[in-house]
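# Topology and contacts: notes
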Amino acid sequence: MGSVFDEKEFLACCGSTKFGKEMVAAAPFSTLQDAIRAARHIWFNKVDVNGWLEAFSAHPQIGQSPSKNHQSPTFAQWSKGEQSTALATATDSTLQELFEWNARYREKFGFVFLICASGRSTPEILAELKIRYQNRPIIEFEIAAQEQMKITELRLAKLFSEKADTAPTIKPLATTNIVRKAEEDRVNIIGAHLTAATGDAGAKPAHIPKRTRPPITTHILDTSRGCPAGGIEVQLEMWKDNQTRPQFGKANIGGWKVLGSSATDKDGRSGQLMNMVEALTPGIYRISFNTGEYIPDGFFPYVSIVFEIRESQKWDHFHVPLLLSPFSFSTYRGS
């Protein structure tokens, strides 16, 4: 039998009421990795915009202590611990500057500046805040949601670790590597993916609902206009030769098999690009965007992104968004 937690314990990990209730419904979890998979699914697919904002508002501003009246004492305790490095490296001048930039950020975006602060100094956080302040609201909102997920994963690891300490009959979980991995990846603004080496590599995780969407999806945001990009053709392919791999600098003609194509809707989301399958076939995939039709005077006639899905990831969902402007683009692995 897996570890059992109540709603208050999950609220200590993420301040969204919807998140807490959905995690209780998905429990128990046999391993920390099962809990993290469920948490990512719930946070990105079931919690709505209001739930995201509720979770953001539970956090104190960076550089300030949590409210003594916080609904979760554990949340407040963990939040204080996560900011310990920032507070230890702060000076009166950097704290004042951080306070001023926090206020500017909130005025522009309408929510608190959120960052996985564990192990980060005040100057480092302040520099990140200034960079992210330049973002358009639609971009920054998604970045903040990714940062909340990093925090949630770290706190789930703490929750499982504490449960293991108080319940010696349960086999202890190897949470140390998970926490360390998150620390190493904290410099990434978005798209951090926390993994743990628990269970068989290809084993199907428990307590995860059946897929409600294809395992590979995308959406496109027009960062020059601050809105979704509709009407862009998208094509998904898979490398079909198991004996060879596509090579950098070579044409690789004839090795790609088209899985599906679609055009983005008014929300910037593509239609179905592949069949609905539970287990994704491991291999190398390529997703291409006909950006030249959308921005005729832009720098990119089209954009292709090549990525590899491994055996241990075949149960995951891969969301590959494109952040596009006439002369630049970026992407990351979402969920």
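As a starting point, this report considers the structure included with it. Throughout this document, residue positions are counted from 1 along each chain, in the order its sequence is written. Whole-chain, interface and lining totals are the exception, using all residues; otherwise, since this is a predicted model, local features are given only for residues with pLDDT of at least 70 and side-chain atom pairs are given and counted only at 80 or more. Only hydrogens and water are set aside; all other atoms, that is, all heavy atoms of the structure, feed into the side-chain values.

Moving on: the environment of K18. Helix and strand assignments follow DSSP, with helices taken as H or I runs no shorter than four residues and strands as E runs no shorter than two, numbered in order from the N terminus. Its place among the elements puts K18 in helix α2 (residues 17-26). Only protein chains enter the accessibility calculation, which uses a 1.4 Å probe. A residue is then buried if its area is under 20% of the maximum for its type, exposed if over 50%, and partly exposed in between. K18 gets classed as partly exposed once you look at its relative accessible area, which sits at 38%. In this description, contact between two residues means that some pair of their heavy atoms is separated by no more than 4.5 Å. Beyond its immediate stretch of four places on either side in the chain, K18 contacts K46 and V47. Polar contacts here mean pairs of N or O atoms no more than 3.5 Å apart (in protein, one a potential hydrogen donor and the other a potential acceptor; neighbouring residues in sequence count only if both atoms are side-chain atoms). Side-chain polar atoms of K18 contact the side chain of E22, separated by 2.9 Å.

What follows concerns the sheet that holds strand β2 (residues 220-222). We treat two strands as partners when DSSP finds at least two bridges between them. Judged by pairing direction, the sheet is mixed, and its four strands sit side by side in the order β3-β2-β9-β10 without closing on themselves. Strand pairing shows two members of the sheet lacking a second neighbour, β3 (227-228) and β10 (328-331), which therefore form its edges. The pairing of strand β9 (residues 322-325) with β10 spans four bridges and is antiparallel. By the bridge assignment for β10, L322 is matched with T331.

Here the residue pair A27 and P28 is connected by a cis peptide bond, since its omega of 5° sits within 30 degrees of zero. With respect to the secondary-structure elements, P28 resides in the loop between α2 and α3 (32-45).

What follows concerns the sheet that holds strand β5 (residues 256-263). If you trace the four strands from one edge of the open sheet to the other, you get β5-β4-β6-β7, paired in antiparallel fashion. In this open sheet, the two edge strands, each paired with only one partner strand, are β5 and β7 (303-309). Across the sheet, the mean angle from the axis of one strand to that of its neighbour is 20°, orientation sign disregarded. Two elements, strand β4 (residues 233-239) and strand β6 (residues 283-289), share five bridges in a ladder whose sense is antiparallel. Considered in β6, the bridge of Q235 is made with S288. For helices, the fitted line uses only the C-alpha atoms of the stretch in contact; every axis is such a line through C-alpha atoms, and the angle between N-to-C directions lies from 0 to 180 degrees.

This next bit is on empty space enclosed by the protein. Method remark: on a 1 Å grid restricted to protein atoms, a set of points is classed as a cavity if a 1.4 Å probe fits but cannot get out and as a pocket if it is open with protein on both sides within 12 Å along at least five of seven lines; lining residues have an atom within 4 Å of a point. Grid points are joined across faces, edges and corners, and a volume is the space filled by probe spheres set on the points. Going through the model one piece at a time under the given rule, you end up with three cavities of 30 Å³ or more. The calculated volume of the second largest cavity comes to roughly 100 Å³. Of all elements in the fold, only α5 (73-82) and α9 (137-166) reach the threshold of two or more residues within the lining of the second largest cavity. Just so you know the grouping, Ala, Val, Leu, Ile, Met, Phe, Trp, Tyr, Cys and Pro go in nonpolar, Asp, Glu, Lys and Arg go in charged, and all remaining residues, Gly too, go in polar. Class assignment for the residues of the lining of the second largest cavity results in seven nonpolar, three polar and two charged.

Further remarks concern the side chain of S270. Examined against the element boundaries, S270 turns out to sit in the loop between β5 and β6. Apart from residues no more than four positions distant in its own chain, S270 is found in contact with T218, V234, S262, A263 and T264.

Before going further, it helps to examine the pattern of salt bridges. The rule for a salt bridge is simple: a side-chain nitrogen of Lys or Arg has to be within 4 Å of a carboxyl oxygen of Asp or Glu. Throughout the structure, instances matching the rule amount to twelve salt bridges. Between E7 and K21 there is a salt bridge whose closest N-O contact spans 3.5 Å. Separated by 14 residues along the polypeptide, E7 in helix α1 (residues 7-13) and K21 in helix α2 bring together distant segments of the chain. Residue class for K21 comes out partly exposed when judged on its relative accessible area of 47%. Between E237 and R286 there is a salt bridge, with its nearest N and O atoms 2.9 Å apart.

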